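Residue-level listing of the chains:
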Amino acid sequence: MKISLTQKYNVPGPRYTSYPTVPYWNEADFTTEKWITSLQKSFSESNSKNGISLYIHLPFCESMCTFCGCNKRITKNHSVEETYIKALLKEWYLYCKILPAKPVIKEIHLGGGTPTFFSKENLELLINGIFSYAVKAENHEFSFEGHPNNTTHEQLKKLYDLGFRRVSFGVQDYAAKVQQAINRIQPFHNVAKVTFWAKEIGYTSIGHDIIFGLPFQTIEDVIDTVEKTNSLKPDRLAFYSYAHVPWIKGNGQRGFNDENLPKDAEKRQLYETGKKLLSQNGYHEIGMDHFALEADSLYKAAHNGNLHRNFMGYSASKTQVMIGLGVSSISDSWYSFAQNTKNLEDYYQLLEWDKLPVVKGHILNEEDLIVRKHILNLTCELQTSWTEESLNFTELPEVLIALQEIENDGLIVIEENSIKITEKGRPFVRNICMAFDLHLKRKSPETNLFSMTV
């Protein structure tokens, strides 16, 4: 019996916010000293030209959403805010001490967890503390994730006054049975209220995150969610596949059974239905699982060839250095990665000892850098070429062999010195990137590491 492309390519695979992916980092050859040397080199190359990015992880949530695989700490005790803000600023101070010049910050993203768990006063304390050691780049882009149930008008206004112009609200799905299953009870009214507040205040890019493949989700649910989304007209959307990773400790994905999840062709149809409706309402597909109106900076970046992707997802800002602050955060110097401890108490202790809370990482070798460029090109531009010596494909014959079958399925076009992803291939970008992933090819995982690609 002939199987569909969805069935064929729906396999576990990375989301490629980095290469190599975290499970394939060479931790044995990594040291914090090597990370610092790499960071200083990259900072010197790029700070004055493009500035740097900051990702700040704010892990606290008042309740557990059972679709979430992020690092978080569940508590209703808001006295934790002050201690954590002090720790973040201590970590930033330690970084600024080792950097050879004052950082020029091009991009800040507050992620979580729930950034809007924090009071407007503590958010102001954090941002002002960051800029006591740094300066803002021209045309900077500051963004944060807001929970529609607890984001206040005062928080939105304060962050706007601090330079933030982009906010992303987590919606997921509006169906009551789906919200119950994922423990995210969130009426449409709450989303509409914070969206209108943000527009009224003057935010230039308002985003909504919606998910397909959630437990009990149907075509009718997706249609209803997208139609409600269209009525609010956010500037951009992340419309991405639910990552079912119940094996990760503490992720909470145990409130429903596997049989409650739409699979294969049924799950893909949820996406295609939503995509069609979004397209009819003026949204353009960007990279993987993202959509934007033509006026949004993400669309402009994709149209102009300036789209970038890193641990924060897609960005209209290209920076060579991204420093991650906070528990579990990942930093990227382009030449190396470094991740902070995931344990909050260890994070505090290391900073108390005046040590960067880095516990693991990876130093990229020449082969890693070559493959990384290809994967970044594919996820951002849906094509890549190897006309430059540094992208010499003839040195990677196993990649070409892997791509031949993908070409036979009509997902890509291979030309003399380049490949392009076809419209038919857009749902399978992760699979196409996997053809380049030499670490994955050389050592297939023996345990569950990745969510399904489709």
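Quick caveat, the model's predicted, so the values are computed rather than measured.

Chemist: Is there a simple way to think about the pattern of salt bridges in this case?
Modeler: Where charged atoms from two side chains of opposite charge come close, those side chains can pair. This model, assessed by the stated rule, comprises 18 salt bridges. With its nearest N and O atoms 2.7 Å apart, the salt bridge here joins Asp354 to Lys90. Note that Asp354 is positioned in the loop between helix H11 (344–352) and strand E16 (358–363) and Lys90 in helix H3 (residues 80–98), a separation of 264 residues in sequence. Judged by its relative accessible area of 51%, Asp354 falls in the exposed class. The partner of Asp221 in a salt bridge is Lys177, and the shortest N-O contact between them spans 2.9 Å. Of this pair, Asp221 sits in helix H8 (residues 219–232) while Lys177 sits in helix H6 (residues 176–181), placing them 44 residues apart in sequence. Taking the relative accessible area as the measure of exposure, Lys177 reaches 41% and is therefore partly exposed. Through salt bridges with shared partners, a single network forms among Lys275, Glu285, Glu423 and Arg426.

Chemist: In this structure, what is going on with the nonpolar core? I would like to understand it.
Modeler: One broad trend across soluble globular proteins is that nonpolar side chains are buried collectively. The biggest cluster of nonpolar side chains holds 54 residues, and the ones touching the most others in it are Trp92 and Leu110. Ranked by the residues each element gives to this core, the list is headed by H3, at nine residues. For Trp92, the residues in contact, after removing those within four places along its chain, are Ile52, Leu54, Pro103, Ile105, Gly129, Ile130, Tyr133, Ala134, Ile323 and Leu325. The next biggest cluster of nonpolar side chains, apart from the first, holds 41 residues, and it includes Tyr19, Ala292, Leu307 and Leu369.

Chemist: Can you walk me through the layout of surface pockets in this structure?
Modeler: Any space left empty among the atoms is revealed by the rolling of a water-sized probe across them. Estimates place the volume of the second largest pocket at around 490 Å³. Taken together, 27 residues line the second largest pocket, and the ones lying closest to its centre are Lys106, Asn139, Glu141, Ala316 and Ser317. Among the elements of the structure, helix H2 (32–50), strand E4 (104–112), strand E5 (135–146), strand E6 (164–172) and helix H10 (297–304) are those that each provide at least two residues to the lining of the second largest pocket. Considering every element that reaches the lining of the second largest pocket, the biggest residue donor is E5, with six residues. When its residues are assigned to classes, the lining of the second largest pocket shows six nonpolar, 12 polar and nine charged.

Chemist: Help me understand the sheet that holds strand E18 (residues 412–414) in this model?
Modeler: Within a beta sheet, neighbouring strands are joined by backbone hydrogen bonds and run either parallel or antiparallel to one another. Pairing is antiparallel across the open sheet formed by three strands, whose spatial order is E17-E19-E18. Both edges of this open sheet fall to strand E17 (383–385) and E18, since each of them pairs with a single strand only. The mean inter-strand angle of the sheet, taken between neighbouring strand axes irrespective of direction, is 10 degrees. Summarising the sheet, E18 and strand E19 (residues 418–421) pair through three bridges and their orientation is antiparallel. Counted as the bridge partner of Val413 is Lys420 from E19.

Chemist: I tried to follow the pairing of E5 on my own but got confused; where do I start?
Modeler: Every other side chain in a regular strand lies on the same face of the sheet, so the side chains alternate between the two faces. Relative to E5, E4 runs parallel, the two being bridged by six bridges. Paired with Ile105 across the two strands is Lys136, which belongs to E5. Traced from E4 through helix H4 (residues 120–130) to E5, the parallel crossover comes out right-handed. As paired elements, E5 and E6 share five bridges and run parallel to each other. Each residue of the ladder has a partner; that of Ser143, found in E6, is Arg166.

Chemist: Whenever I open this one, the packing of helix H5 (residues 153–161) against helix H7 (residues 188–201) confuses me. Can you help?
Modeler: For any two helices packed against each other, one specifies the inter-axial angle together with the distance between the axes. Where H5 meets H7, the closest approach of the two axes is 10 Å, and the angle between their N-to-C directions is 35 degrees. When you trace H5 past H7, the crossing you get is right-handed. Touching His153, Leu156, Lys157 and Tyr160 of H5 are Val194, Trp197, Ala198, Glu200 and Ile201, all from H7. Tallied by class, residues from the contact of H5 with H7 come to six nonpolar, one polar and two charged.

Chemist: I keep staring at empty space enclosed by the protein and nothing clicks. Help me out?
Modeler: For the structure on display, the rule yields three cavities of 30 Å³ or more. Taken as a whole, the second largest cavity encloses approximately 80 Å³ of empty space. Lining the second largest cavity are Tyr16, Thr17, Ser18, Tyr19, His308, Arg309, Trp334, Arg372, Ile375, Leu376 and Thr379. Only strand E11 (308–310) and helix H12 (366–381) provide two or more residues apiece to the lining of the second largest cavity. Take the lining of the second largest cavity: its biggest share by element is four residues, from H12. Residues belonging to the lining of the second largest cavity are distributed by class as follows: five nonpolar, four polar and two charged.

What counts, and where the lines are drawn
Residues numbered from 1 in each chain as written. Predicted model: local features only at pLDDT ≥ 70, side-chain atom pairs only at ≥ 80, totals over all residues. Heavy atoms only, no water. Salt bridge = Lys/Arg side-chain N within 4 Å of Asp/Glu carboxyl O. Helix = DSSP H or I, 4+ residues; strand = E, 2+ residues; numbered from the N terminus. Buried < 20%, exposed > 50% of the residue type's maximum accessible area, 1.4 Å probe, protein only. Core = buried A, V, L, I, M, F, W, Y, C linked by side-chain atoms within 4.5 Å. Contact = heavy atoms within 4.5 Å. 1 Å grid on protein atoms, 1.4 Å probe; cavity = no way out; pocket = protein on both sides within 12 Å on 5 of 7 lines; lining within 4 Å. Points joined across faces, edges and corners; volume = space filled by probe spheres on them. Nonpolar A, V, L, I, M, F, W, Y, C, P; charged D, E, K, R; others polar. Pairing = 2+ DSSP bridges. Axes fitted to C-alpha atoms, helices over the stretch in contact; angles between N-to-C directions. Right-handed = clockwise from strand over helix to strand, strands pointing away. Left-handed = near helix turned anticlockwise from the far one by under 90°.

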